[in-house]
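An overview of the molecular structure
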Amino acid sequence: QVQLVESGGGLVQDGGSLTLSCTVSGRTLGTRAMGWFRQVPGKEREFVATINWTSGGTDYVDSVKGRFTISRDKAENTLYLQMNSLKPEDTAVYYCAVRTSLYSNARSPNGYAHWGQGTQVTVSS
């Protein structure tokens, strides 16, 4: 069993910043990478960012490049998403997820084996 718990969501004004955290516990030895996704009602879950757990290599969706930074603390089994210059279109429920194979699609929800419960981020205009 792997458990993921997100925190750090909330309400912020346009142009503001938030940092999301995701703590992983349980059987974590199979973690190869982690990612952040987001979802708004009526739309599919969207890839935001991913990080290779060993190398720290990262990838981002174009819409957040230069504004969001994904990072991890391996010792604490914690994933972060620093979000700056937030826009109203960033409003969504944000989910962290664990990828247990580097052969799976890093940008697809299907490539991830374990998910957190989500945390709401609301950016007001």
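Residues numbered from 1 in each chain as written. Predicted model: local features only at pLDDT ≥ 70, side-chain atom pairs only at ≥ 80, totals over all residues. Heavy atoms only, no water.

Take the pattern of salt bridges next. Counted according to the given criterion, the structure contains 5 salt bridges. Two residues, Asp-90 and Arg-38, come together in a salt bridge whose shortest N-O distance is 2.9 Å. Note that Asp-90 is positioned in the loop between strand E8 (78-83) and strand E9 (92-99) and Arg-38 in strand E4 (residues 33-39), a separation of 52 residues in sequence. The class for Arg-38 is buried, based on a relative accessible area of 6%. Across the salt bridge formed by Arg-67 and Asp-90, the nearest N and O atoms sit 2.7 Å from each other. Here the residue Arg-67 occupies a position in the loop between strand E6 (58-60) and strand E7 (68-73), and Asp-90 occupies one in the loop between E8 and E9, the gap between them amounting to 23 residues. (Salt bridge = Lys/Arg side-chain N within 4 Å of Asp/Glu carboxyl O. Helix = DSSP H or I, 4+ residues; strand = E, 2+ residues; numbered from the N terminus. Buried < 20%, exposed > 50% of the residue type's maximum accessible area, 1.4 Å probe, protein only.)

A few words on the sheet that holds strand E1 (residues 2-7). If you trace the 4 strands from one edge of the open sheet to the other, you get E1-E3-E8-E7, paired in antiparallel fashion. Both edges of this open sheet fall to E1 and E7, since each of them pairs with a single strand only. Across this sheet, the average inter-strand angle for adjacent strands is 15°, counted without regard to direction. (Pairing = 2+ DSSP bridges. Axes fitted to C-alpha atoms, helices over the stretch in contact; angles between N-to-C directions.)

The next point concerns empty space enclosed by the protein. Inspection of the entire model under this criterion finds 1 cavity of 30 Å³ or more. In this structure, the largest cavity encloses a volume near 30 Å³. Taken together, Val-24, Thr-28, Thr-31, Met-34, Trp-53 and Asn-77 make up the full set of residues lining the largest cavity. Of the residues assigned to the lining of the largest cavity, the class counts are 3 nonpolar, 3 polar and no charged. (1 Å grid on protein atoms, 1.4 Å probe; cavity = no way out; pocket = protein on both sides within 12 Å on 5 of 7 lines; lining within 4 Å. Points joined across faces, edges and corners; volume = space filled by probe spheres on them. Nonpolar A, V, L, I, M, F, W, Y, C, P; charged D, E, K, R; others polar.)

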